[in-house]
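Tertiary structure, described
The primary structure of each chain is shown beneath.
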Amino acid sequence: MRRTLDRLYDGALWLAAVTFALIAALVLVQILGRLADRAARAMDLPPPGITIPSLAEFGAFLFAGAVFLGLAGTLQAGGHVRVKLLVRALPEAPARWLGAVVSAAAAALAGFATWSSALQALDSLRFDSVSYGVVPIPLAIPQGVMTLGLALLAVALVDSAVTLARGGTPAYRAAEARTEADTEASTGESA
């Protein structure tokens, strides 16, 4: 089960990276198209008119998809901001249970957000809602990706809560410990 969940989180991070790469590729094509138009005009030639219609919408939807797909993997990598002041002040057992309760509460919020997002995506699908740009994009697609990302975050939070309740170390704590050890090692070497 652990391997399956880790692959799921890694797969979502990989998809988020691909989505960011798609944004970069689309913007690059748009920039190169504008440069080609300027070069053609400078040589008194007709501009080729290479353009990406609805680029702003494509970019916004891809960016939202990347952010939501990256939530679970970023949690596992210890990349989310966490306030650890109280947890560090408590003894080990109460700190562990507080972490489990907080993770479970966050999972409940993520579950509610997933449910709400899924309802919105289903409504968009049922009513054939599309974006207002030059290229009509079915809104159920970006909303579905957002729902998937939220669902993965809810799973990752449940995973963390269960791991803490069983006495294990969740992935984000292990990642934070590695980062702290690396920071201490680099400051110790440079001093």
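Notes on the structure follow. (Residues numbered from 1 in each chain as written. Predicted model: local features only at pLDDT ≥ 70, side-chain atom pairs only at ≥ 80, totals over all residues. Heavy atoms only, no water.)

Turning our eyes to something else, we now look at the overall build of the protein chain. Along the protein chain, the regular secondary structure elements total 7 helices and 0 strands. Overall, the protein chain shows an N-to-C arrangement of helices and strands of α-α-α-α-α-α-α. Since a compact globule built from 191 residues should have a radius of gyration of about 16 Å, the 22 Å found for the protein chain marks it as more spread out than a globular shape. Once the C-alpha set of the protein chain is aligned to its principal axes, its extents read approximately 75 × 55 × 30 Å. Here the protein chain holds 191 residues, and 29% of them are scored as buried. (Helix = DSSP H or I, 4+ residues; strand = E, 2+ residues; numbered from the N terminus. Rg over C-alpha atoms; globule rule 2.2 N^0.38 Å. Buried < 20%, exposed > 50% of the residue type's maximum accessible area, 1.4 Å probe, protein only.)

Time to look at the pattern of salt bridges. This structure, assessed with the given rule, holds 5 salt bridges. Among the ionic pairs, Asp6 bridges to Arg2, the shortest N-O distance being 3.2 Å. Residue Asp6 and its partner Arg2 are located together in helix α1 (residues 2–42), separated by 4 residues, close to a single helical turn. Where Glu92 meets Arg96, a salt bridge forms, and the shortest distance between an N and an O atom there is 3.0 Å. Pair noted here: Glu92 and Arg96 are both in helix α5 (residues 92–126), with a separation of 4 residues, about one helical turn. (Salt bridge = Lys/Arg side-chain N within 4 Å of Asp/Glu carboxyl O.)

With that settled, consider unusual backbone geometry. Phi at Asp44 is positive, roughly 55°, even though this residue is not glycine. In this structure, Ser54 takes a positive phi of about 60° despite not being glycine.

Further remarks concern the environment of Leu26. The topology assignment puts Leu26 in helix α1. With 71 residues separating them in the primary sequence, Leu26 and Trp97 have C-alpha atoms 47 Å apart. Not counting residues within four places of it along the chain, the set of residues in contact with Leu26 comprises Ile52, Leu55, Phe58 and Leu62. (Contact = heavy atoms within 4.5 Å.)

For the rest of this paragraph, the subject is the packing of α1 against helix α2 (residues 55–69). At a closest axis distance of 8 Å, the pairing of α1 and α2 adopts a crossing angle of 160°. With respect to α2, the element α1 is oriented roughly antiparallel. For the element pair α1 and α2, the recorded crossing hand is left-handed. Counting all contacts with α1, which are made through Ala12, Leu13, Leu15, Ala16, Thr19, Phe20, Leu22, Ile23, Leu26, Val27 and Gln30, the residues of α2 involved are Leu55, Phe58, Gly59, Leu62, Phe63, Ala66 and Leu69. Residues of the contact of α1 with α2, tallied by class, amount to 15 nonpolar, 3 polar and no charged. (Axes fitted to C-alpha atoms, helices over the stretch in contact; angles between N-to-C directions. Parallel < 35°, antiparallel > 145°, perpendicular 65-115°, else oblique. Left-handed = near helix turned anticlockwise from the far one by under 90°. Nonpolar A, V, L, I, M, F, W, Y, C, P; charged D, E, K, R; others polar.)

Another point: the packing of α5 against helix α6 (residues 140–165). Remark: α5 packs on α6, axes separated minimally by 8 Å, with the N-to-C direction vectors making an angle of 160°. Of the possible angle classes, the one that applies to α5 and α6 is roughly antiparallel. The handedness of the crossing between α5 and α6 is left-handed. Among the residues forming the contact of α5 with α6, the class breakdown is 21 nonpolar, 11 polar and 1 charged.

Time to look at the environment of Ala36. Summarising the element assignment, Ala36 is placed in helix α1. We classify Ala36 as partly exposed; its relative accessible area is 25%. Considered as a pair, Ala36 and Pro48 are 12 residues apart in the sequence and their alpha carbons are 7.0 Å apart.

With that settled, consider a nonpolar patch on the surface. Among the surface-exposed residues, Val27, Leu28, Ile31, Leu32 and Leu35 lie close enough to one another that they form a single nonpolar patch of about 440 Å² accessible area. Since its relative accessible area comes to 49%, Leu28 is described here as partly exposed. (Patch = residues over 30% accessible without salt bridge, like charges linked within 9 Å, V, L, I, M, F, W, Y side chains within 5 Å. Areas by Shrake-Rupley, 256 points an atom, 1.4 Å probe, with all protein chains shown as cover.)

This next bit is on the side chain of Ser117. Residue placement: Ser117 occurs in helix α5. Setting aside residues no more than four positions away along its own chain, Ser117 makes contact with Gln143, Met146, Thr147 and Leu150.

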